Amino acid sequence: MKPLTLINDKQSLNDIQIGENVKIFNFVNAYGCSIDDGTKVGAFVEIQKGATIGKNCKISSHTFICEGVHIRDNVFIGHNVTFINDKFPRATNTDGSMQTDADWKVEETIVEEGASLGSSVTVLCGITIGKNAIVGAGSVVTRNVSPDTIVAGNPAKILKKVQ
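The notes below deal with the structure included here. Here the structure is a predicted model, which means the values were calculated and not measured.

### Quick word on the overall build of the protein
Helices and strands together make up the secondary structure of the protein, namely 0 helices and 21 strands. Taken over the C-alpha trace, the protein has a radius of gyration of 16 Å; the compact-globule value for 163 residues is 15 Å, and the two agree within 12%. Projected onto the principal axes, the alpha-carbon positions of the protein cover approximately 50 × 45 × 20 Å. When the accessible surface of the protein is totalled, it reaches about 8,600 Å², and 51% of it is carbon and sulfur. The average position of the 16 basic charges and that of the 17 acidic charges among the side chains of the protein differ by 9 Å.

Written out as structure tokens, the structure is:
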């Protein structure tokens, strides 16, 4: 992987590590993250510092990948998928001062190899979505998803095993 910074009126790619044959469409904001070989990142995606995206992934438009999210190889992320990295988010401390990075702890989330997340999925933090799992569109993932399992709903529930 090689370092890349490219900031213009259509992209803000700041201090990212990028693999070979990566395609990043316009209006992407990515900083301090890594994107491995062969991955495609759609328009209007944000990828925050410390996030990692594996090889040959497809990240569809309007997706938010926050700090602490680790997406393994061959993963499909549908349109408008949102990851969360804080179980109890607050803007201010009890004394009224604005919170900073020192005031909270990132809860990591892992999407294992070959998993697929449908459009408009929300993934709470501290979750692992197992290898080859499928999460149905519009689902809210509140707990770990086992490998080779299809889940859907709010909260996401097991529908069946992947054939």
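Moving on from the model shown.
### Digging into the sheet that holds strand β12 (residues 76–77)
Read across the sheet, 8 strands follow the order β3-β6-β9-β12-β15-β18-β20-β21 without closing on themselves; strand pairing throughout is mixed. Both outer strands of the open sheet, β3 (23–24) and β21 (157–161), are each paired with one neighbouring strand and no more. With 4 bridges connecting them, strand β20 (residues 149–152) and β21 associate as antiparallel partners. Within β21, the residue paired with T149 across the bridge is K161.

### Structural notes on the pairing of β20
The side chains of a regular strand alternate between both faces of the sheet. In the sheet, strand β18 (residues 134–135) pairs with β20 via 2 bridges, with the strands oriented parallel. Its bridge partner lying in β20, I134 is registered against I150. Hairpin connection from β20 to β21: 4 residues lie between these consecutive antiparallel strands, with G153 at a positive phi of about 110°.

### As for the pattern of salt bridges
Tallied over the full model, the rule gives 2 salt bridges. Between D101 and K49 there is a salt bridge, and its shortest N-O distance comes to 3.1 Å. Placement of D101 in the loop between β13 (82–83) and β14 (109–111) and of K49 in the loop between β7 (46–47) and β8 (52–53) is noted, with a sequence separation of 52 residues between them. Among the residues examined, D101 registers a relative accessible area of 51% and is labelled exposed. Overall, the relative accessible area of 34% leaves K49 in the partly exposed class.

### A look at the nonpolar core
Judged by nonpolar contacts, the single largest core of 37 residues is most densely connected at I47, I71, F83, L117 and I129. When residues of this core are traced back to their parent elements, those giving at least two are β2 (11–18), β4 (28–31) and β11 (69–71). Residue contributions to this core peak at 3 residues, all from β2. The residues contacting I71, other than those within four sequence positions of it, are T52, I53, G54, C57, I59, I65, I77, F83 and V111.

### Some details on the pairing of strand β1 (residues 2–7)
For β1, the tally of buried residues reaches only 0 of 6 residues, placing the bulk of the element at the surface. As judged from the 5 bridges shared by β1 and β2, these two strands associate in the antiparallel manner. Within β2, the residue paired with L6 across the bridge is L13. The loop that links β1 with its antiparallel partner β2 comprises 3 residues.

What counts, and at which threshold
Residues numbered from 1 in each chain as written. Predicted model: local features only at pLDDT ≥ 70, side-chain atom pairs only at ≥ 80, totals over all residues. Heavy atoms only, no water. Helix = DSSP H or I, 4+ residues; strand = E, 2+ residues; numbered from the N terminus. Rg over C-alpha atoms; globule rule 2.2 N^0.38 Å. Areas by Shrake-Rupley, 256 points an atom, 1.4 Å probe, with all protein chains shown as cover. Lys, Arg positive; Asp, Glu negative; His and termini not counted. Charge placed at Lys NZ, Arg CZ, Asp CG, Glu CD. Pairing = 2+ DSSP bridges. Salt bridge = Lys/Arg side-chain N within 4 Å of Asp/Glu carboxyl O. Buried < 20%, exposed > 50% of the residue type's maximum accessible area, 1.4 Å probe, protein only. Core = buried A, V, L, I, M, F, W, Y, C linked by side-chain atoms within 4.5 Å. Contact = heavy atoms within 4.5 Å.

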